[in-house]
Structure formats: structure tokens, C-alpha cells
Amino acid sequence: MITLGHETETDVAQIEALLDLVFGAEERLRKTCQRLRDGQKPADGLALVLRDEDRIVGTLRFWELLIGGQTRALLLGPLAVDPSLQGTGLGSKLMRHGLNLAAARHHQAVILVGDEPYYRRFGFQTHYMGNVDLPGPVNRDRFLGLELVDGALADVSGMVAPLEPTLGLPCGMLFDPEFDPALGLGWTLA
């Protein structure tokens, strides 16, 4: 029987193995969104797992961040379900539960980089991200936002950064202030 629960510290190795299986170890670690997660802990109460007995078969994490230095939001991802269970609806159930939890915890917006046709069913849209930049390359057609509170992303603009500093440095020191998203990675530390 598959059950939904919160991630624990003892789950991390299985989660990392599942993410490697679903996305490929090298590929997923090169992604711009991974840079935002490096050195961070998932948002409180928003790291979920699907368990089949003692085996992790699904994971969804949210990460707190700032957009433009002032707008708080969550970064969703990665969402992963064991390949043997994909297409069964478990990913959708995990998504809906995670988004409901985020709203219940008074978060106002969620952003992600992912498959637009898949995430559209949950309300994610590209138009919210028009004036928002990531600190590295991103396919703008896959850069999506969702308002959990009406208007939360209405006038948002600027660079996305982790909410908490990494390595004890202020968030702004993690990024090149001259970074141009069209040119590629702009991380100076991490």
C-alpha cells in the first residue's frame, strides 16, 4: 500500500536515488533550479514522500525564495514518481496535496521550471514569470508561476534568490550583480 507522509532525514538517500533514476544524476544537478536548492532545506512541512512499505516511490519538495529581493514565493521541485508507477495519478495527487499544504501554511505563490502541459492542469502559467529572472539559463516556455493568493504575482519582477543565505553570506553575495540571464550562469559562489 502506498502512503503519503512527510520527508524525514533518513529518507534523503532514497530520495536522491529516486531523483537520479527519474532525471539522471548529472543532468538534474546541472539545472539552474538546483543552484537555488543547494545548501538549503525544504520549506517547513513541505517536503513530501510517497512510501510503498519501506521504499520511497515519490517525492515533492518546496523551497522558500525571494523574487526581486522582496516577494516571497516557493520553488516547487523536483516532483518525481518511480518510473514503474508513472501514469497512475500519484504525481497529480502529490501535487494537489502539496499545493493545498502550501496554501494552508499561508504561502502566496509557487514558481517552477517544468513541463507546461503537465503543470497547467494545476493552474501554473507562464505569464506570471515575464519579468522574473533565474540566476542561470532557463527555457522561458517552462518557467511557470501559480498564485495561491490572488494578485501575489501580479507585479512581481527581478531575480530569484534563496530566502536564506548560503554559506553564511547574504543572498545577494551569491549572485553576480551584472548577471544577464541571456548569457548563462551567473553564480559567483556555490
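For the structure itself, consult the block above.
Just so we're clear, the structure is a prediction, and the values are computed from it rather than from any experiment.

Looking now at the overall build of the protein chain. Of regular secondary structure, the protein chain possesses five helices and eight strands. If you sum the accessible surface of the protein chain, you get close to 9900 Å²; carbon and sulfur atoms cover 50% of it.

What follows covers the nonpolar core. Core analysis: the biggest nonpolar cluster contains 25 residues, and F62, L76, M95, L99, Y119 and F124 have the highest contact counts within it. If you list the elements that add at least two residues to this core, you get β2 (47-52), β3 (55-67), β4 (71-81), α4 (90-104), β5 (109-113) and β7 (143-147). In terms of residue count, the dominant contributor to this core is α4 (six residues). Residues W63, I67, M129 and F143 belong to the second largest nonpolar core, which totals 18 residues.

In total, this model carries nine salt bridges according to the counting rule given. Measuring nitrogen to oxygen at the nearest pair gives 3.5 Å for the salt bridge that ties R61 to E16. Placement of the pair is R61 in strand β3 and E16 in helix α1 (residues 12-23), with a sequence separation of 45 residues. According to the relative accessible area criterion, E16 is partly exposed, its value standing at 27%. One connected set of salt bridges, linked through shared partners, spans E7, E16 and R61.

In the sheet, strand β1 (residues 2-6) pairs with β2 via five bridges, with the strands oriented antiparallel. Bridge pairing links L4 to L50 in β2. Relative to β3, β2 runs antiparallel, the two sharing six bridges. Bridged to L50 within β3 is G58. Hairpin connection, β2 to β3: the antiparallel pair is bridged by two residues, and E53 has positive phi, about 60°.

Turning to the pairing of β7, a few remarks are in order. The buried fraction of β7 is high, at five of five residues. Covered by surrounding structure in β7 are F143, G145 and E147 together with L144 and L146, the residues of both alternating faces. Across five bridges, the pairing between β5 and β7 is antiparallel. Following the sheet pairing, L112 is matched in β7 by L144.

With that settled, consider the environment of P42. Inspection of the secondary structure assignment puts P42 in the loop between α3 (32-37) and β2. Judged by its relative accessible area of 25%, P42 is partly exposed. C-alpha of P42 to C-alpha of G77: the two residues are 35 residues apart in sequence and 9.8 Å apart in space. Aside from chain neighbours lying at most four places away, what touches P42 is A47, R61, F62 and W63.

Let us look at the packing of aromatic side chains. According to the stated counting rule, one finds four aromatic pairs in the structure shown. Aromatic pair Y118 and Y119: ring centres 5.0 Å apart, planes at 85°, arrangement edge-to-face. A connected cluster of aromatic rings, assembled from ring pairs, spans Y118, Y119, F122 and F124.

This paragraph deals with the side chain of Q34. Counting through the fold element by element, Q34 comes out in helix α3. Take Q34: its relative accessible area is 11%, and that puts it in the buried class. Sequence-distant contacts of Q34, defined by excluding residues within four places in its chain, comprise R28 and L29.

Rules behind the numbers
- Residues numbered from 1 in each chain as written.
- Predicted model: local features only at pLDDT ≥ 70, side-chain atom pairs only at ≥ 80, totals over all residues.
- Heavy atoms only, no water.
- Helix = DSSP H or I, 4+ residues; strand = E, 2+ residues; numbered from the N terminus.
- Areas by Shrake-Rupley, 256 points an atom, 1.4 Å probe, with all protein chains shown as cover.
- Core = buried A, V, L, I, M, F, W, Y, C linked by side-chain atoms within 4.5 Å.
- Buried < 20%, exposed > 50% of the residue type's maximum accessible area, 1.4 Å probe, protein only.
- Salt bridge = Lys/Arg side-chain N within 4 Å of Asp/Glu carboxyl O.
- Pairing = 2+ DSSP bridges.
- Contact = heavy atoms within 4.5 Å.
- Phe/Tyr/Trp six-rings, centres within 6.5 Å; stacked < 30°, edge-to-face > 60°.

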